[in-house]
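Letter by letter, the chains look like this.
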Amino acid sequence: YGEGTTSDRVKQSISQEATRRFSSRGCLIPFFLLFVAVGLGLGYFLLYRPLARLVVARSWTALACVVESSTVRSHEGDDSTTYSVDIVYRYEVGGRTYRGNRYDFLGGSSSGYEAKQRVVDAHPVGATVTCFVDPRDPASSVLQRGWSAKYLLGLLALPLLFAATSAHAAVTAAGTPTSQYGNS
């Protein structure tokens, strides 16, 4: 009927099952790596980088700046429109005039026209407002260097990392072959 003893056939069957489980898990590794990469990328650009800049800007010099333009920009998408604050201001450092347009360190656009309009209304053209300037690089400035709830958006990366790590752990644990025949 076949060569080898029953013990050999059981060992071969267990070996084939372990190989099958390993190869099916191997297909999932790129999937998990994709989740990890997306999670790390989002975490860096939406959480770490803006918060690091926010902390560094705490030591920047506060200067009087004059608002030159102040508008809400709309960005048409396939399904919706998003909005962003667009404020241009000028300031002087060491007798040289600079222009800036960074409102905060998160940037980008999102829904919620009214919130952006309130920011623009608080920065009318011709108004003197406070901006914060990097003393090592006077061309780098920002109007809003304080914490806001927008920075919590970066926490969206954490569920992706958690999901990828948890799924990988579950697949690894489920894929560990156990023998019902003992350790022979």
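All figures in this text were calculated on a predicted structure; none of them were measured in a lab. (Residues numbered from 1 in each chain as written. Predicted model: local features only at pLDDT ≥ 70, side-chain atom pairs only at ≥ 80, totals over all residues. Heavy atoms only, no water.)

**Examining the pattern of salt bridges**
Two side chains with opposite charge may pair up if their charged atoms get near one another. Spelled out, the test is: Just to be clear on terms, a salt bridge is a Lys or Arg side-chain nitrogen sitting within 4 Å of an Asp or Glu carboxyl oxygen. Comment: elements are numbered from the N terminus, with helices defined as DSSP H or I runs of at least four residues and strands as E runs of at least two. Buried means the residue's accessible area, taken with a 1.4 Å probe over protein chains only, is under 20% of the maximum for its type, while exposed means over 50%, and partly exposed covers the values in between.
Counting across every chain of the model gives 4 salt bridges. Arg73 serves as the salt-bridge partner of Asp86, at 2.6 Å between the closest nitrogen and oxygen. Placement of the pair is Asp86 in strand S2 (residues 81-93) and Arg73 in strand S1 (residues 61-76), with a sequence separation of 13 residues. The exposure class assigned to Arg73 is partly exposed, which follows from its relative accessible area of 47%. Through salt bridges with shared partners, a single ionic network connects Glu68, Arg90 and Arg99.

**Quick word on the state of the cysteines**
We apply this condition: Two cysteine sulfur atoms make up a disulfide if the distance between them is within 2.5 Å.
Applying the stated criterion to the full structure yields 1 disulfide. Note that Cys65 is cross-linked by a disulfide to Cys131, the S-S spacing being 1.7 Å. Placement of Cys65 in strand S1 and of Cys131 in strand S4 (residues 128-134) is noted, with a sequence separation of 66 residues between them. A relative accessible area of 0% means that Cys65 is categorised as buried.

**Thoughts on the confidence of the model for the protein chain**
How we decide: Values of pLDDT, ranging from 0 to 100, describe the predictor's confidence in every residue of the model.
In this model, the protein chain carries an average pLDDT of 77, and 59% of its residues clear a pLDDT of 70 or more. At the level of individual helices and strands, the protein chain shows its lowest average pLDDT in helix H3 (residues 157-175), which scores 60, and its highest in strand S3 (residues 96-100), which scores 98.

**Things to note about helix H2 (residues 113-121)**
The line we're drawing: Directions from the helix axis toward the C-beta atoms define the arc. The contact rule is simple, with two residues in contact once any of their heavy atoms fall within 4.5 Å.
Among the residues of H2, Lys116, Val119 and Val120 are the ones counted as buried. Summarising the axial view, the buried residues of H2 lie within an arc of 100°, below the 170-degree limit, and thus occupy one face. Exposed side chains of H2 directed beyond 90 degrees from the buried face belong to Glu114, Arg118 and Asp121. If you follow the buried residues of H2, they end up packed against S1 and S2.

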